[in-house]
Amino acid sequence: MNRLARLKLNKRLMFGARFFTEIKSLNSVLQLFYLSRGLDISQIIYLGLFWTITVFFCDLPSSFLADKFGRKKLILSGIFLMTLSTFLLLIATSFPGFVIAYITAGAGFSFFMGADQAIIYDSLKEMGEEDRSNKVAGKYYSAQSLPKIVMPLIGGFIAKDLLPSQFNILLFIDLIGTVIAFTLASFLTEPKVETVKRKTIAFLKEGVKLIKDNQVLLKLAFNKIVVFQASYVYWRVYQIFLKDAGMLVVYLGLVYTVFQGIQFLLLWYTEKVQNYFGKVVFANTHAILGFLAIIFSLFSQNLIILFICCVVLLLTGVSRDPFFLSQIQARIPSFNRATVTSTLNAIKNVTDVPVYILIAYLAKDDINYVLIVSGILFLISIIFLRIKKEDLVV
């Protein structure tokens, strides 16, 4: 197989690797799993804080390594740590045990996520097909949704009685998925990138300067960050919120199945969806829908309405990722791509910390306060971070 053919294979291998790392059959009952192991709501939210801090400290070092030694090595390292974190979840029985598992998972996430975008975009660039990045990214990101169309429903059915043995079955399924992902990623071909001799600190300085000097890049990044945070804040408590409202465990799995099914279609056909609605409308509508869904969730007791609102709120989190990948990556030179991407992730992680501390504190009194914070974040995006036509480059 010649080099061009191997580069073309990269996007399929990355699709497969992402697919199997995202099996996550436990996700449909994840918060209930934590409760069964003795954690309370605040501790569940604090786990997200440990994740964020870990990602913050790992993102930049991992991206330096990706730019210097290659994306493939970082992707393999990331998947290995994901596998280890799943094993640690299997044996964790206390809050410190879960913290160690989350720190390991956060490091794995950092190694994988900056390098995955870089290897896809640079593979396309070497083939002269970077103009297809929006479409290719949409199909790649759909890989995270495809397994979750079925697995959460299966997970909800397997763990319907919330027994320890049932949770362990789900964790074993997830563990097998990461092993398969590692095998697929081992066949990746490293794309060529611009070679610019710089010291490690020089990569960081140039990355920060690029972000600082490009206000549109910064606005795009913050729009993505704030809307994701609004969705994520809701995600951290939605299972508990819906269960308290009277929803059966099996329907919690159905929520995730419907959400992931719609998200898969949105990501797979993202180019058509964006062209149909217009990229500006597509980029800004998520925050509006999210804000409205929070209002209905706070004032309605109808389970059907709560179900629909939950699906909408979860969809706002990552269904715009291909749009942002194409818009943001087009503004970053390839020799520094992983470093700049991780610098943007670091900005996200810094802003995550006060948000998660706040919701962990508020959740002790009333879970509805968490939803209010989510609504405020959506409102910030609507008022201050609206994307305009002149902000777009592709």
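Residues numbered from 1 in each chain as written. Predicted model: local features only at pLDDT ≥ 70, side-chain atom pairs only at ≥ 80, totals over all residues. Heavy atoms only, no water.

**Observations concerning the overall build of the protein chain**
Next up, step 1: Counting its secondary structure elements, the protein chain contains 18 helices and 0 strands.
Next up, step 2: Relative to a compact globule of 394 residues, whose C-alpha radius of gyration would be 21 Å, the protein chain shows 20 Å and is just as compact.
Next up, step 3: Its C-alpha atoms give the protein chain principal-axis dimensions of roughly 55 × 45 × 35 Å.
Next up, step 4: Across the 394 residues of the protein chain, 56% fall into the buried class.
Next up, step 5: Residue pairs at least 24 apart in sequence account for 87% of intrachain contacts in the protein chain once pairs closer than 6 positions are excluded.
Next up, step 6: Summed over its atoms, the accessible surface of the protein chain is roughly 16,600 Å², and 69% of this surface lies on carbon and sulfur atoms. (Helix = DSSP H or I, 4+ residues; strand = E, 2+ residues; numbered from the N terminus. Rg over C-alpha atoms; globule rule 2.2 N^0.38 Å. Buried < 20%, exposed > 50% of the residue type's maximum accessible area, 1.4 Å probe, protein only. Contact = heavy atoms within 4.5 Å. Areas by Shrake-Rupley, 256 points an atom, 1.4 Å probe, with all protein chains shown as cover.)

**Here's the deal with the packing of aromatic side chains**
Next up, step 1: Scanning all chains against the criterion turns up 21 aromatic pairs.
Next up, step 2: Ring geometry for Tyr34 versus Phe98: centroids 5.4 Å apart, planes at 85°, classification edge-to-face. Of this pair, Tyr34 sits in helix 2 (residues 30-36) while Phe98 sits in helix 5 (residues 95-126); the two residues are 64 residues apart in sequence, bridging distant segments of the chain.
Next up, step 3: According to the relative accessible area criterion, Tyr34 is buried, its value standing at 1%.
Next up, step 4: Among the residues examined, Phe98 registers a relative accessible area of 0% and is labelled buried.
Next up, step 5: Their ring planes at 65° and their centres at 6.2 Å tell us that Phe50 and Phe95 sit as a pair that is edge-to-face. Of this pair, Phe50 sits in helix 3 (residues 41-69) while Phe95 sits in helix 5, and the two are 45 residues apart along the sequence.
Next up, step 6: Since its relative accessible area comes to 32%, Phe50 is described here as partly exposed.
Next up, step 7: A residue is classified by how much of its surface remains accessible, and Phe95, at 22% relative accessible area, is partly exposed.
Next up, step 8: Put simply, the rings of Phe33, Tyr34, Trp51, Phe98, Tyr102, Phe109 and Phe167 pair up and form one aromatic cluster. (Phe/Tyr/Trp six-rings, centres within 6.5 Å; stacked < 30°, edge-to-face > 60°.)

**Comments concerning empty space enclosed by the protein**
Next up, step 1: If you walk through the whole model with that rule in mind, you get 2 cavities of 30 Å³ or more.
Next up, step 2: Around the second largest cavity, the lining residues are Leu7, Lys8, Asn10, Lys11, Ile120, Ser123, Leu124 and Met127.
Next up, step 3: Of all the secondary structure elements, the ones that give two or more residues to the lining of the second largest cavity are helix 1 (3-21) and helix 5.
Next up, step 4: With 4 residues, helix 1 is the largest single contributor of residues to the lining of the second largest cavity.
Next up, step 5: Here the lining of the second largest cavity is composed, by residue class, of 4 nonpolar, 2 polar and 2 charged. (1 Å grid on protein atoms, 1.4 Å probe; cavity = no way out; pocket = protein on both sides within 12 Å on 5 of 7 lines; lining within 4 Å. Points joined across faces, edges and corners; volume = space filled by probe spheres on them. Nonpolar A, V, L, I, M, F, W, Y, C, P; charged D, E, K, R; others polar.)

**Regarding the environment of Leu315**
Next up, step 1: Mapped onto the elements of the fold, Leu315 is located in helix 15 (residues 303-315).
Next up, step 2: In this structure Leu315 comes out as buried when scored by relative accessible area, which is 12%.
Next up, step 3: Leu315 sits 238 residues away from Ser77 along the chain, and the two C-alpha atoms are 29 Å apart.
Next up, step 4: Setting aside residues no more than four positions away along its own chain, Leu315 makes contact with Phe259, Ile262, Gln263, Leu266 and His286.

**Notes on the pattern of salt bridges**
Next up, step 1: Taken as a whole and judged by the stated rule, the model has 5 salt bridges.
Next up, step 2: Asp116 serves as the salt-bridge partner of Arg18, at 3.6 Å between the closest nitrogen and oxygen. Of this pair, Arg18 sits in helix 1 while Asp116 sits in helix 5, placing them 98 residues apart in sequence. Exposure class is identical for Arg18 and Asp116. Each is buried.
Next up, step 3: For Asp122, the salt bridge identified is with Arg71, shortest N-O distance 2.7 Å. Taken together, the positions of Asp122 in helix 5 and Arg71 in helix 4 (residues 71-91) put the pair 51 residues apart, joining distant regions of the chain. (Salt bridge = Lys/Arg side-chain N within 4 Å of Asp/Glu carboxyl O.)

**Quick word on the state of the cysteines**
Next up, step 1: If you walk through the whole model with that rule in mind, you get 0 disulfides.
Next up, step 2: Left without a disulfide partner, Cys310 is nearest to the cysteine sulfur of Cys309, which lies 8.8 Å away.
Next up, step 3: The exposure class of Cys310 is buried, given its relative accessible area of 0%. (Disulfide = S-S within 2.5 Å.)

**Section: helix 6 (residues 133-142)**
Next up, step 1: Among the 10 residues that make up helix 6, 8 are buried, leaving the element largely enclosed by the rest of the structure.
Next up, step 2: When helix 6 is considered as a whole, its buried residues turn out to be Ser133, Asn134, Val136, Ala137, Gly138, Tyr140, Tyr141 and Ser142.

**Here we look at the packing of helix 1 against helix 8 (residues 164-185)**
Helix-helix packing is characterised by the crossing angle of the two axes and by the distance between the axes.
Next up, step 1: Packing of helix 1 against helix 8 brings their axes to within 7 Å, and their N-to-C directions diverge by 165°. Between helix 1 and helix 8, the interaxial angle falls into the category roughly antiparallel. Where helix 1 crosses over helix 8, the handedness of that crossing is left-handed. Here Leu13, Gly16, Ala17, Phe20 and Thr21 of helix 1 come into contact with helix 8, specifically with Gly177, Thr178, Ile180, Ala181, Leu184 and Ala185.
Next up, step 2: Here the contact of helix 1 with helix 8 is composed, by residue class, of 7 nonpolar, 4 polar and no charged. (Axes fitted to C-alpha atoms, helices over the stretch in contact; angles between N-to-C directions. Parallel < 35°, antiparallel > 145°, perpendicular 65-115°, else oblique. Left-handed = near helix turned anticlockwise from the far one by under 90°.)

**Here we look at unusual backbone geometry**
Next up, step 1: You will see that Lys24, though not glycine, has its phi angle at about 40°, which is positive.
Next up, step 2: Mapped onto the elements, Lys24 comes out in the loop between helix 1 and helix 2.
Next up, step 3: The partly exposed category is assigned to Lys24, whose relative accessible area is 32%.

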